[in-house]
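One-letter residues, chain by chain:
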Amino acid sequence: MSRPMVVFTMCRRCLSAQARNSRTKELLDRVIRVDHAGEFGANRIYEGQMAVLGNTSSGKVIQHMWEQEKVHLKKFEELIPQYRVRPTAMLPVWNIAGYALGAGTAFLGKEAAMACTTAVEDSIVEHYNNQIRELMEDDPEKHRELMEVIKQFRDEEMEHHDTGLEHDAEKAPFYNILTQFIKLGCKGAIWMSERV
């Protein structure tokens, strides 16, 4: 092989590695940014629910789920600087929207609060599963630690979903409409938090 051809081949490999590293960095930025935003929003939802239902029979159940969400948020707050990721600029919006969603559904009753939980957690479980697939496709060995975190949190979110169903979520007024509306909002929030 001629010298110019060797140099060209080496440059092409170098550019290919740079492009792959750039795609990986973009993936990690998106995953950590949106997951941090989601856990922030979930904390605000449970805080709003506790403000209304904290002294009721549902209070202990909501508090338990909220405690797990606090751990999730703490972990993503550690990952933000570790991976040098910029948090979403939407946090002030999610701060208000999350609390309003939690308190608003709680004012409709414990069933509506639990319906909110099932809708949000259903969206998050689906979202986490999609992220795990993306990280596996990119480099499963490189992302093993992050995937383990996401898998654990996904399983706990599924537990919250099931808890909501066990505590009469489906008895909420207009359950199907309410949950579909909340899921649509979650999908929009995910889309925006990944990009902004």
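Here the structure is a predicted model, which means the values were calculated and not measured. (Residues numbered from 1 in each chain as written. Predicted model: local features only at pLDDT ≥ 70, side-chain atom pairs only at ≥ 80, totals over all residues. Heavy atoms only, no water.)

Colleague: Could you give me a rundown of the overall build of the protein, with the residues and numbers involved?
Modeller: Within the protein one finds six helices and zero strands. Taking all 196 residues of the protein together, the buried fraction comes to 45%. Within the protein, counting contacts between residues at least 6 apart in sequence, those at least 24 apart form 84% of the total. By element, 59% of the accessible surface of the protein is carried by carbon and sulfur atoms, the whole surface being about 10,800 Å². (Helix = DSSP H or I, 4+ residues; strand = E, 2+ residues; numbered from the N terminus. Buried < 20%, exposed > 50% of the residue type's maximum accessible area, 1.4 Å probe, protein only. Contact = heavy atoms within 4.5 Å. Areas by Shrake-Rupley, 256 points an atom, 1.4 Å probe, with all protein chains shown as cover.)

Colleague: I'd like to hear about the packing of helix H3 (residues 91–107) against helix H6 (residues 175–195), residue by residue, with values.
Modeller: Helix packing for two helices is described by the angle between their axes and how far apart those axes are. H6 packs onto H3 with a crossing angle of 165° between their chain directions and a minimal axis gap of 13 Å. Viewed along their axes, H3 and H6 adopt a mutual orientation that is roughly antiparallel. Crossing handedness for the pair H3 and H6: left-handed. In contact with Trp 94, Leu 101 and Thr 105 of H3, H6 contributes Ile 182, Ala 189, Met 192 and Ser 193. (Axes fitted to C-alpha atoms, helices over the stretch in contact; angles between N-to-C directions. Parallel < 35°, antiparallel > 145°, perpendicular 65-115°, else oblique. Left-handed = near helix turned anticlockwise from the far one by under 90°.)

Colleague: If you had to explain the environment of Ala 113 to someone new, which residues and values would you point to?
Modeller: Turning to its location among the elements, Ala 113 is positioned in helix H4 (residues 110–138). Taking C-alpha positions, Ala 113 is 8.3 Å from Gly 164, a pair spaced 51 residues apart along the chain.

Colleague: I'd like to hear about the pattern of salt bridges, residue by residue, with values.
Modeller: The final tally for this structure, using the stated rule, is 15 salt bridges. The partner of Lys 70 in a salt bridge is Glu 67, with the nearest N and O atoms 3.2 Å apart. Placement of both Lys 70 and Glu 67 in helix H2 (residues 59–82) is noted, with a separation of three residues, approximately one turn of the helix. Through salt bridges that share partners, Arg 30, Glu 134, Glu 194 and Arg 195 make up one connected network. (Salt bridge = Lys/Arg side-chain N within 4 Å of Asp/Glu carboxyl O.)

Such coordinate-based values are descriptive only and should not be taken to indicate function.
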